[in-house]
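Spelled out, the chains give:
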Amino acid sequence: MSRRSPSWHVATVVGTRAETATARRIELEIATWPGNDAGAHLDVRLTAPDGYQASRSYSVASSGEGTRVVLVIDEVPDGEVSPFLVHDLREGDRIEVHGPLGAFFVWTPSPDPAPVQLIAGGSGVVPLYAMASAHAASDDTAPFRMLYSVRSSDDVFFGDELRALTDGDRLHLDIVYTRTAPPGFASAPGRLTAESLRAAVLPADQEPRVFVCGPTPFVEAVAGWLIDAGHAPARVRTERFGGS
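Remember, predicted model here, so these are calculated numbers, not experimental data. (Residues numbered from 1 in each chain as written. Predicted model: local features only at pLDDT ≥ 70, side-chain atom pairs only at ≥ 80, totals over all residues. Heavy atoms only, no water.)

**Describing the overall build of the chain**
Along its length, the chain carries five helices and eleven strands. The C-alpha radius of gyration of the chain comes to 18 Å, within 12% of the 18 Å expected for a compact globule of 244 residues. The principal-axis extents of the C-alpha atoms in the chain amount to approximately 55 × 40 × 30 Å. Here the chain holds 244 residues, and the buried ones make up 46% of them. Within the chain, contacts between residues at least 6 apart in sequence are counted, and of these 74% link residues at least 24 apart. In the structure as shown, the chain presents an accessible area of about 11,700 Å², 50% of it carried by carbon and sulfur atoms. Between the averaged position of the 21 positive side-chain charges in the chain and that of its 31 negative side-chain charges there is a distance of 1 Å. (Helix = DSSP H or I, 4+ residues; strand = E, 2+ residues; numbered from the N terminus. Rg over C-alpha atoms; globule rule 2.2 N^0.38 Å. Buried < 20%, exposed > 50% of the residue type's maximum accessible area, 1.4 Å probe, protein only. Contact = heavy atoms within 4.5 Å. Areas by Shrake-Rupley, 256 points an atom, 1.4 Å probe, with all protein chains shown as cover. Lys, Arg positive; Asp, Glu negative; His and termini not counted. Charge placed at Lys NZ, Arg CZ, Asp CG, Glu CD.)

Here it is as structure tokens:
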């Protein structure tokens with residue numbers, strides 16, 4: 001997809017709704033947005049009445065051509081930007097965004113027939129959902145698989161959309177609940193380990209393209225386990241995030 005250089009844009013909030021108890025989905029209309037690849041991110045800049053500015057980077061949950069951009073922001077209680085976006089932003093408000101950003105951690109249809117393995121920790125599912133959704137809407141035939149590590153079913157992002165993708169056989173989804181599993185779930189709750197990761201992802205001998213996103217400790221651990229399991233480092237792409 002052809003892209004202009006990243007630039008600053010004025011975005012108008014055209015819709016918001018709760019994603020989870022601590023996260024909000026925000027839909028923006030950005031008249032000058034050039035479109036973005038799946039997995040891209042942008043910077044949001046807020047300016048206080050006294051002129052103080054704060055900016056943070058957020059993954060984009062949408063992709064493709066068009067001027068509508070979807071974000072899902074998970075609140076960091078002591079953060080400078082996310083509490084305002086989650087609690088105070090309203091329809092009709094305008095904010096500044098810079099983007100689209102990112103060329104390394106993106107998915108686009110490819111002649112490479114290798115399968116794709118997505119691995120998400122918590123809100124790190126946002127850019128990976130964009131990839132899975134873009135793949136489902138494309139003619140790309142590479143198998144797609146997602147491993148989603150999340151605290152409980154109440155913390156799942158894109159629940160309805162992910163179910164629709166799995167029902168349509170465009171995505172194989174494995175969920176690991178780290179704190180509370182739903183009644184009747186096959187596995188007891190617990191954090192990912194090197195062994196459980198290896199059992200849940202595509203094996204190294206299939207040479208999958210792997211995208212990993214989540215908190216820094218999660219990403220570093222998962223990337224290390226993948227390489228120890230024989231995955232080529234060049235085929236493992238990572239994106240980390242911290243407080244916001």
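**Brief notes about the sheet that holds strand β11 (residues 236-241)**
Strand order in the open sheet made by the five strands is β9-β8-β7-β10-β11, with parallel pairing throughout. Every interior strand has two partners, whereas the edge strands, β9 (172-177) and β11, have only one. For this sheet, the mean inter-axis angle between neighbouring strands, taken without regard to orientation, is 10°. Strand direction decides the pairing type here: strand β8 (residues 144-150) and β9, joined by six bridges, are parallel. Paired with Val150 across the two strands is Tyr177, which belongs to β9. Lying on the sheet, helix α5 (residues 216-228) is in contact with β7 (116-121), β8, β10 (209-215) and β11; it crosses β10 at an angle near 150°. (Pairing = 2+ DSSP bridges. Axes fitted to C-alpha atoms, helices over the stretch in contact; angles between N-to-C directions.)

**Some details on the pattern of salt bridges**
Considering all chains together, one arrives at twelve salt bridges under this definition. Residue Glu161 is joined to Arg25 by a salt bridge in which the shortest nitrogen-to-oxygen separation is 2.8 Å. With a gap of 136 residues between them, Glu161 in helix α3 (residues 159-167) and Arg25 in strand β2 (residues 23-29) connect regions that are remote in the sequence. For Glu27, the salt bridge goes to Arg68, with nearest N and O atoms at 3.0 Å. In this pair, Glu27 sits in strand β2 while Arg68 sits in strand β5 (residues 68-74), placing the two residues 41 residues apart along the sequence. On the basis of relative accessibility, which here comes to 28%, the residue Glu27 falls in the partly exposed class. (Salt bridge = Lys/Arg side-chain N within 4 Å of Asp/Glu carboxyl O.)

**Description of the packing of aromatic side chains**
Counted by the stated rule, this structure contains five aromatic pairs. Summarising the aromatic geometry, the rings of Phe105 and Phe211 are spaced 5.5 Å apart at their centres and angled 80° between planes, so their arrangement reads as edge-to-face. Of this pair, Phe105 sits in the loop between β6 (94-101) and β7 while Phe211 sits in strand β10, and the two are 106 residues apart along the sequence. Taking the relative accessible area as the measure of exposure, Phe105 reaches 4% and is therefore buried. (Phe/Tyr/Trp six-rings, centres within 6.5 Å; stacked < 30°, edge-to-face > 60°.)

**Side note on the side chain of Asp43**
Among the structural elements, Asp43 can be located in strand β3 (residues 41-47). Buried charge without a salt bridge: Asp43, with Arg45 as the nearest opposite-charge side chain at an N-O distance of 8.8 Å. Side-chain polar atoms of Asp43 contact the side chain of Ser57, separated by 2.4 Å. Apart from the residues within four sequence positions on either side, Asp43 is in contact with Trp8, Arg56, Ser57, Glu96, Val97, His98 and Leu101. (Polar contact = N/O pair within 3.5 Å; in protein donor to acceptor, adjacent residues only side chain to side chain.)

**Focus on the pairing of β2**
By the bridge criterion, six bridges tie strand β1 (residues 7-18) to β2 in an arrangement that is antiparallel. Among the inter-strand pairings, Gly15 is bridged to a residue of β2, identified as Glu27. Counting the residues that bridge the hairpin from β1 to β2 gives four residues. As paired strands, β2 and β5 are joined by seven bridges and run antiparallel to one another. Bridge pairing in β5 links Arg24 to Ile73.

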